[in-house]
Amino acid sequence: KHLGLLSYDSYCVSCGVDGDPGLTYSMTETVSGRDLTSAQSSFPSPEEVFQACAQIPGPNILEVCPDNIWACVCGSYQFVQRDIHAVLPPSIAKHIDEFLCDVGVPLAFLVRRELVNYKKVMLYINEQGLSLERSLAQLSTFLNYDPDNTHSFEDDYWAPSVCSGELLDAHMQCKGRSMATTDVRRLCKDICALPRHPQDPRRQSLDQLPRSLKSWVLSAGAAAMLAAGDAAKQVQNEAAAVQQAHGEIEDSDQMSSEAEASLLHVHVVAAINEQAWPEHIKQFVRAVLISRGGDKALRMRDELRRLCNCIESALQRGETALEQLLIFPNVLEMSEAENDLDDEEACVALAQITPNLSGKCSKPQTACPKKLGVKAAMWRQRHINLLSGSLPPLRESLRWLQAIDGTTENSSGLFVAGDARETDGGTPPALFVPSDFGGCKALDDVFRIVLLTYKPKMHHVLSTRGWPEHICPSDAVPEIKGPRHKCCRKCKRQFASALWVQKEVCSICEESFRDEGRCPFNATCNPSWFCKHHRSCFACDAHSCAECRILRGDGEIVRELVERIKPARICLDFDRTLANTKSGSVPVVGKHRIDMDLLCLMQLYSSSCEVVTRNPHKEEIQAFLVANGVVGTLPVHTLKRPRSKAEFVVQGLESSEQVVFVDDSIQELLDPLIVADSRVHRVLFLRALL
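Since this is a predicted model, take the numbers as computed values, not measurements. (Residues numbered from 1 in each chain as written. Predicted model: local features only at pLDDT ≥ 70, side-chain atom pairs only at ≥ 80, totals over all residues. Heavy atoms only, no water.)

Some details on the packing of aromatic side chains
Next up, step 1: According to the stated counting rule, one finds eight aromatic pairs in the structure shown.
Next up, step 2: Summarising the aromatic geometry, the rings of Trp-467 and Trp-500 are spaced 5.4 Å apart at their centres and angled 85° between planes, so their arrangement reads as edge-to-face. Of the two residues, Trp-467 sits in the loop between α16 (441–465) and β5 (501–502) while Trp-500 sits in the loop between α16 and β5, which places them 33 residues apart along the sequence.
Next up, step 3: A network of ring pairs unites the aromatic residues Phe-142, Trp-467, Phe-495 and Trp-500 as a single cluster.
Next up, step 4: For Lys-503, the ring lying beneath its charged end belongs to Phe-521, and the centroid distance is 4.8 Å. (Phe/Tyr/Trp six-rings, centres within 6.5 Å; stacked < 30°, edge-to-face > 60°. Helix = DSSP H or I, 4+ residues; strand = E, 2+ residues; numbered from the N terminus. Lys NZ or Arg CZ within 6 Å of the ring centre and 35° of its normal.)

Structure below.
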């Protein structure tokens, strides 16, 4: 079922034919109740198919294997159609094209495209949550420190005040929110990173679902805590209760992992095998799907459905656990209760505490009923906060993942996204999402209100009393008694934790740099590289800005942008953009690789594409492009300094025309000649899976 043929002879042997070009077959199979043909049709022989495939740009698809599949252009159903119509007679090609449409191959490509964009949207949403979580952690650490035990009760135990409780709750809820978005982002990325060849293994996170979902583990942990408490009421034994609770969770886990969606990939392969086509034609169709990404797109849709099932399972378990946790008294109620717990309540409290403890904990558990009650309430509150933060993003993600899976040919695109990592939680750059897409806005607005409420208090303490000793020890000597990653290079303070320092700049100094309109992390960054709309550096903050007309992303982003604005000219850099060559080096076929998304772009928009590079090896670049399947002679322009690339990009451009300029150098993209030119759309290229 998998292609790995190395020669025409082995191809004929695997098909069970002798390669006689005069062989003919009848094609009378029906698809969706429609006769493919009412007359005898002549199929090309295995030799003719092999020779026709050799004429298609790029490696011969009948010789594709895991070692060379990377060199095959893919990612669009147009390439599947091109190959079929290039190799088979028009009538047969038309009917096979219709067959593939009937079994859902074009839809799988659309789903793949939406999922690729959605994971990039989730990248921004996740980075935004991590930034909020860091800020809340700083506030909580700064304002909740209590060295004198002023919040302790008479019985020598600590419970948070209303003020500190609000900060702690917000921090843990944001932590749950970040765990959920990290889950969705990571697993969507792993689905998009499925190997193109079906013989290669997929990533372990997909094999280990649902346990690879941290949010599923959160739900399971809360359920285990509740189950231990329920069991303790019956067995009156904490150890037996915990063991019984874990057994119930393991059984539930097994049932969840077995509930998988039907496999579309298996259905399509079976449908091809059932057709009354010659074996070499079936093998050719399978080879086309593997080489052009159709096989991967089908597997991606299967994995997407499986992920949806696992998220749904985590939601059901988490919502049930949260509903039950809210029934119990909270920390304040337990700490102010006049009566101690009775024996049964104490056993339940101890059973609820035990599943949360680390196996490394050697400290004996308290026997005081009052302390047990407060401690159990604190653990319950932790689970409540984590679930309250993780369930809304999971619910929203499930909604849109199911919408992506339900994409139809008539559906308008749901998501278009560039890459962005903002540090101040500002407006999403370069994102195009449905009008009713909520993301995590409702939760994030609550977290921002908490930050706005308590940050002035922190700044007041800093201005009047300076840094607390537990955060910035007064006897710390920079770069001598502490590591550099905990030392601010501007104010020279040494901090007790890296929570306060990012890239050797503390959070206070970072804000000061941004207010001045400068990059806080690299003194060599030019002020023109700093986006004043979102107070972020294009280079160091990995920032994109639609208002500045600069996107940051990979070849998929370039293709999306080109399809959206239909530019008259597409200017592509060569070194570290179109190819993975270093600056000025000679491209070598077999050693260096071309970016597959940009290769697809050049084949689909060959009349608009040009290479604009500082690399002087023009003839070698042209030969490299032809060897990698670029059709025709693509214009290659080698520019020597001091001539500006920007000058060439806009040369001869009409006032109504637009150009897409793709380069890995921020200096080239921020040339003063094109910064204010609204006709020029720039992409800071990144050769990575975002």
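Still to come is the rest of the account.
Structural notes on the pattern of salt bridges
Next up, step 1: In the structure shown here, the tally under the stated rule is 34 salt bridges.
Next up, step 2: Between Glu-668 and Arg-614 there is a salt bridge, and its shortest N-O distance comes to 3.1 Å. Taken together, the residues Glu-668 in helix α22 (residues 666–669) and Arg-614 in the loop between β11 (609–613) and α20 (618–627) connect sequence positions 54 residues apart.
Next up, step 3: Among the ionic pairs, Glu-668 bridges to Arg-641, the shortest N-O distance being 3.5 Å. On the criterion of sequence distance, the pair formed by Glu-668 in helix α22 and Arg-641 in the loop between β12 (636–638) and α21 (645–650) is long-range, its members being 27 residues apart.
Next up, step 4: Within this structure, Arg-202, Asp-207, Glu-303 and Arg-306 form a network of salt bridges that share partners. (Salt bridge = Lys/Arg side-chain N within 4 Å of Asp/Glu carboxyl O.)

Things to note about the confidence of the model for the protein chain
Next up, step 1: Across the protein chain, pLDDT averages 81, with 81% of residues at or above 70.
Next up, step 2: Taking the mean pLDDT of every element in the protein chain, the minimum, 40, falls on strand β1 (residues 30–31) and the maximum, 95, on helix α11 (residues 279–291).
Next up, step 3: A low-confidence stretch, residues 16–40 (pLDDT under 50), is modelled with 48 contacts involving residues beyond four sequence positions or located in other chains.
Next up, step 4: Ignoring residues within four places in sequence, the model shows residues 419–430, a span with pLDDT below 50, making 51 contacts including any to other chains. (pLDDT = per-residue confidence, 0-100. Contact = heavy atoms within 4.5 Å.)

Some thoughts on the sheet that holds β12
The strands making up a sheet associate through backbone hydrogen bonding, with each pair oriented either parallel or antiparallel.
Next up, step 1: One open sheet holds the six strands; their spatial order is β9-β14-β13-β10-β11-β12, and the pairing between them is parallel. The open sheet is flanked by β9 (550–553) and β12, the only strands paired with a single partner. Strand-to-strand, the axes of this sheet are offset by a mean angle of 20°, without reference to chain direction.
Next up, step 2: When β9 meets strand β14 (residues 680–685), the two strands line up parallel, connected through four bridges. Paired with Arg-552 across the bridge in β14 is Leu-684.
Next up, step 3: Contacts from helix α19 (residues 596–604) reach β10 (569–572), β11 and β14, with the element oriented near 145° to β10.
Next up, step 4: Across the sheet, α20 is in contact with β11 and β12; its angle to β12 comes to roughly 150°. (Pairing = 2+ DSSP bridges. Axes fitted to C-alpha atoms, helices over the stretch in contact; angles between N-to-C directions.)

Observations concerning the nonpolar core
Next up, step 1: Counting residues in hydrophobic clusters, the biggest one holds 53 residues, and the most contacted among them are Phe-142, Trp-467, Phe-495, Trp-500 and Phe-538.
Next up, step 2: For this core, the element with the highest residue contribution is α16, accounting for eight residues.
Next up, step 3: Other than its neighbours up to four places away in sequence, Phe-142 contacts Met-458, Val-461, Leu-462, Trp-467, Pro-468, His-470, Ile-471 and Trp-500.
Next up, step 4: With 44 residues, the next largest nonpolar core counts Val-184, Leu-187, Leu-209 and Leu-325 among its residues. (Core = buried A, V, L, I, M, F, W, Y, C linked by side-chain atoms within 4.5 Å. Buried < 20%, exposed > 50% of the residue type's maximum accessible area, 1.4 Å probe, protein only.)

Quick look at a negative patch on the surface
Next up, step 1: A surface patch of like charges, here negative, comprises Asp-342, Asp-343, Glu-344 and Glu-345.
Next up, step 2: Asp-342 gets classed as partly exposed once you look at its relative accessible area, which sits at 41%. (Patch = residues over 30% accessible without salt bridge, like charges linked within 9 Å, V, L, I, M, F, W, Y side chains within 5 Å. Areas by Shrake-Rupley, 256 points an atom, 1.4 Å probe, with all protein chains shown as cover. Lys, Arg positive; Asp, Glu negative; His and termini not counted. Charge placed at Lys NZ, Arg CZ, Asp CG, Glu CD.)

Quick notes on the pairing of β14
Next up, step 1: Burial analysis of β14 places six of its six residues in the buried class, which makes it a mostly covered element.
Next up, step 2: Because side chains alternate across β14, one face comprises the buried residues Val-680, Arg-682 and Leu-684, and the other comprises His-681, Val-683 and Phe-685, equally buried.

Quick look at unusual backbone geometry
Next up, step 1: At the junction of Leu-209 and Pro-210, the peptide bond is cis and its omega measures out at 5° in the coordinates.
Next up, step 2: Along the chain, the position of Pro-210 falls in the loop between α7 (204–207) and α8 (214–235).
Next up, step 3: Residue Pro-642 is reached from Arg-641 by a cis peptide bond, and omega for that bond is 15°.
Next up, step 4: Within the secondary structure layout, Pro-642 lies in the loop between β12 and α21.
Next up, step 5: Here the phi dihedral of Arg-549 falls at roughly 60°; this positive angle occurs in a residue that is not glycine.

Quick word on the side chain of Asn-126
Next up, step 1: Residue position: Asn-126 is located in helix α5 (residues 105–143).
Next up, step 2: You can call Asn-126 buried: its relative accessible area is 7%.
Next up, step 3: Other than its neighbours up to four places away in sequence, Asn-126 contacts Arg-177, Ser-178, Thr-181 and Thr-182.

Quick word on the packing of α5 against helix α12 (residues 294–325)
Next up, step 1: Where α5 meets α12, the axes come as close as 8 Å, and the angle between the chain directions of the two elements is 65°. Considering the angle they form, α5 stands roughly perpendicular to α12. The element α5 and its partner α12 pack so that their crossing is left-handed. In this structure, α5 uses Val-105, Leu-107, Ala-108, Phe-109, Val-111, Arg-112 and Leu-115 to contact α12, whose residues at the interface are Gly-294, Ala-297, Leu-298, Met-300, Arg-301 and Leu-304.
Next up, step 2: Of the residues that constitute the contact of α5 with α12, the class distribution is ten nonpolar, one polar and two charged. (Parallel < 35°, antiparallel > 145°, perpendicular 65-115°, else oblique. Left-handed = near helix turned anticlockwise from the far one by under 90°. Nonpolar A, V, L, I, M, F, W, Y, C, P; charged D, E, K, R; others polar.)

Overview of helix α10 (residues 264–274)
Next up, step 1: Buried residues of α10: Leu-264, His-265, Val-268, Val-269, Ala-271 and Ile-272, and no others. Take α10 and look down its axis: the buried residues cluster within an arc of 160°, on one side only.
Next up, step 2: Structurally, α10 contributes buried residues whose contacts are with α4 (90–102), α5, α11 and α12. (Arc of directions from axis to C-beta.)

Here we look at the pairing of strand β13 (residues 659–663)
Next up, step 1: Most of β13 sits out of view: five of its five residues are buried.
Next up, step 2: Residues Val-659, Phe-661 and Asp-663 point to one face of β13 and Val-660 and Val-662 to the other, with burial holding for every one of them.
Next up, step 3: Strand direction decides the pairing type here: β13 and β14, joined by five bridges, are parallel. Counted as the bridge partner of Val-659 is Val-680 from β14.

So, the state of the cysteines
Covalent bonding between the sulfur atoms of two cysteines is what defines a disulfide.
Next up, step 1: Counted according to the given criterion, the structure contains zero disulfides.
Next up, step 2: Cys-308 forms no disulfide, and the closest cysteine sulfur to it belongs to Cys-188, at a distance of 8.4 Å.
Next up, step 3: Given the relative accessible area of 6%, Cys-308 is considered buried.
Next up, step 4: Here Cys-488 stays unpaired: no disulfide links it, and the sulfur of Cys-491, its closest cysteine neighbor, is 3.5 Å away. (Disulfide = S-S within 2.5 Å.)

Remarks on the environment of Trp-467
Next up, step 1: The class of Trp-467 is buried, set by a relative accessible area of 15%.
Next up, step 2: Sequence separation between Trp-467 and Phe-142 is 325 residues; the distance between their C-alpha atoms is 8.9 Å.

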